[in-house]
Amino acid sequence: MQTIYDIQQLLKKYGIYVYTGERYGDIVLLEMELDELWRSSMIQKEDYHLAKLIIRRELNYEKNKTL
């Protein structure tokens, strides 16, 4: 797993599709859905932590892009 697309594919396995039309909003919703899967013990620890790192990187990129 290396990109937001990979996270979307992971969530798709659980029937979760996220699209708001805004990249920043999509990333935030992906993080919320990922956290919910983690709380429900439906995903592995490694997948969760790697996805969180990717999400943080992308959120920082989006925030800095607007500056």
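Residues numbered from 1 in each chain as written. Predicted model: local features only at pLDDT ≥ 70, side-chain atom pairs only at ≥ 80, totals over all residues. Heavy atoms only, no water.

Draft legend 1. A look at the packing of helix H1 (residues 4-12) against helix H3 (residues 45-65). Running from amino to carboxyl end, H1 crosses H3 at an angle of 140°, the nearest separation of the two axes being 10 Å. Relative to H3, H1 is oriented oblique. Seen from above, H1 lies across H3 with left-handed handedness. Facing Ile-4, Ile-7 and Leu-10 of H1, the residues of H3 in contact are Asp-47, Ala-51, Ile-54, Ile-55 and Glu-58. Looking at the contact of H1 with H3, its residues break down into 6 nonpolar, no polar and 2 charged. (Axes fitted to C-alpha atoms, helices over the stretch in contact; angles between N-to-C directions. Helix = DSSP H or I, 4+ residues; strand = E, 2+ residues; numbered from the N terminus. Parallel < 35°, antiparallel > 145°, perpendicular 65-115°, else oblique. Left-handed = near helix turned anticlockwise from the far one by under 90°. Contact = heavy atoms within 4.5 Å. Nonpolar A, V, L, I, M, F, W, Y, C, P; charged D, E, K, R; others polar.)

Draft legend 2. Expanded view of H1. Considered for burial, the residues of H1 that qualify are Ile-4, Ile-7, Leu-10 and Leu-11. Summarising the axial view, the buried residues of H1 lie within an arc of 115°, below the 170-degree limit, and thus occupy one face. Contact partners of the buried residues in H1: helix H2 (23-39) and H3. (Buried < 20%, exposed > 50% of the residue type's maximum accessible area, 1.4 Å probe, protein only. Arc of directions from axis to C-beta.)

Draft legend 3. Main features of the pattern of salt bridges. As enumerated under the stated definition, the model contains 8 salt bridges in all. A salt bridge links Glu-36 to Arg-39, with the nearest nitrogen and oxygen atoms 3.0 Å apart. Here the residue Glu-36 and the residue Arg-39 both occupy positions in helix H2, the gap between them amounting to 3 residues, near one helical turn. On the accessibility criterion, Glu-36 (39% relative accessible area) is partly exposed. In this structure, Glu-58 and Arg-57 form a salt bridge, with 3.3 Å as the shortest nitrogen-oxygen distance. According to the relative accessible area criterion, Arg-57 is partly exposed, its value standing at 44%. Each of Arg-23, Arg-57, Glu-58, Glu-62 and Lys-65 takes part in salt bridges that share partners, so that together they form one network. (Salt bridge = Lys/Arg side-chain N within 4 Å of Asp/Glu carboxyl O.)

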